[in-house]
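# Residue-level structural notes
Letter by letter, the chains look like this.
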Amino acid sequence: MEEIRIFLAEGFEEIEALTVVDMLRREEMDIKMVSITGKEIVTGSHNISVKADILFEKADFTKTDMLILPGGMPGTENLRAFSPLKDLICLFQREGKKLAAICAAPTVFGDLGILEGKRACCYPGMESQLKGAKVTEEKVEIDGNVITSRGMGTAIPFGAAIIEIYKGKEAALNLKKKIVYGHMEEKA
């Protein structure tokens, strides 16, 4: 079974994080919320507090397949400032493991040189921080091991893209149908 970890920093965008967690758990995927704050309770950018599943310092990432960064401010800046997470992201990149980020968070990948030559997208107005990327305005971009998305309004397509990678297109379409998302003319 896949092992996926999403990281919570003070000021994370709640919808971007929790939509992905909800969608993946509906598909019985192993996703855990990891706090980088040293505390279980992490407060998002809109003052919604969430209890993380595990603290970063107690987590074992040796069997983890994918790391996910939600956006939000100052959440993205707090992710960027946390060196152990940046080291982990770089390790995953070197090993060719999957990395995903939404909204402002793809800029963290840009800073680390991970987007060089890759198609990527992010929150409008932050494109210049996607260093080396071929920037698009797509809802979701998948290029090699990296998935990026644009913001709260693209959280469902972002989650569906992750599901599709692990469970296939039919599973992603079926889930979108179950949650009454998108055009009903899409067929599984």
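Okay, so let's go over this structure. (Residues numbered from 1 in each chain as written. Predicted model: local features only at pLDDT ≥ 70, side-chain atom pairs only at ≥ 80, totals over all residues. Heavy atoms only, no water.)

## So, the pairing of strand β2 (residues 30-35)
It is a general feature of regular strands that their side chains alternate between the two faces of the sheet. Our working definition: For the exposure calls, accessible area comes from a 1.4 Å probe over protein chains only, and a residue counts as buried if that area is under 20% of its type's maximum, exposed if over 50%, partly exposed in between. Counting from the N terminus, the helices are the DSSP runs of H or I reaching at least four residues and the strands are the DSSP runs of E reaching at least two. One bridge is not enough; two strands pair if DSSP finds at least two bridges between them. Handedness is read with the strands pointing away from the viewer; a crossover is right-handed when the path from the first strand over the helix to the second is clockwise.
The buried fraction of β2 is high, at 5 of 6 residues. In terms of strand pairing, strand β1 (residues 3-8) meets β2 through 6 bridges, oriented parallel. Within β2, the position partnered with Ile6 by the bridge is Met33. For the crossover from β1 across helix α1 (residues 14-26) to β2, the handedness is right-handed. Bridge analysis of β2 against strand β5 (residues 54-55) gives 2 bridges, and the strand direction is parallel. Each residue of the ladder has a partner; that of Val34, found in β5, is Ile54.

## Some thoughts on the packing of aromatic side chains
As a reminder, the rule being used: Side-chain rings of Phe, Tyr and Trp, where Trp is taken by its six-membered ring, are said to pair if the distance between their centres is within 6.5 Å; with planes under 30 degrees apart they count as stacked, over 60 as edge-to-face, and otherwise as tilted. A positively charged side chain is recorded as over a ring if its NZ (Lys) or CZ (Arg) lies within 6 Å of the ring centre. The angle to the ring normal must also be within 35 degrees.
Across all of its chains, the model carries 4 aromatic pairs by this definition. When the ring of Phe56 is compared with that of Phe82, the centres are 5.1 Å apart and the planes differ by 90°; the resulting orientation is edge-to-face. Taken as a pair, Phe56 in the loop between β5 and β6 (66-69) and Phe82 in the loop between α2 (75-81) and α3 (83-95) lie far apart in primary sequence, 26 residues in all. On the basis of relative accessibility, which here comes to 12%, the residue Phe56 falls in the buried class. Linked through ring pairs, Phe7, Phe56, Phe61 and Phe82 together constitute an aromatic cluster. The positively charged end of Lys97 is found above the aromatic ring belonging to Phe92, 4.7 Å away from the centroid.

## Remarks on the side chain of Lys118
We count it as follows: This count recognises Lys and Arg as positive and Asp and Glu as negative, with His and chain-terminal groups excluded. Here, a salt bridge means any Lys or Arg side-chain nitrogen found within 4 Å of an Asp or Glu carboxyl oxygen. We call two residues contacting when some pair of their heavy atoms lies within 4.5 Å.
Structurally, Lys118 is set in the loop between α4 (106-111) and β8 (119-120). Lacking a salt bridge, the buried Lys118 has Asp143 as its closest oppositely charged neighbour, with an N-O distance of 4.5 Å. With residues near it in sequence (within four places) discarded, Lys118 still touches Gln93, Gly132, Ala133, Lys134, Asp143, Gly144, Asn145 and Val146.

## Let's talk about the pattern of salt bridges
Tallying each qualifying case throughout the model produces 13 salt bridges. Glu141 serves as the salt-bridge partner of Arg119, at 3.0 Å between the closest nitrogen and oxygen. Note that Arg119 is positioned in strand β8 and Glu141 in strand β10 (residues 140-143), a separation of 22 residues in sequence. Classification of Arg119 by relative accessible area gives partly exposed; the value is 35%. A salt bridge links Arg119 to Asp143; the shortest N-O distance between them is 3.5 Å. One end of the pair, Arg119, is in strand β8; the other, Asp143, is in strand β10, with 24 residues separating them in the sequence. Salt bridges sharing partners connect three or more residues here, namely Glu3, Arg5, Asp30 and Lys32.

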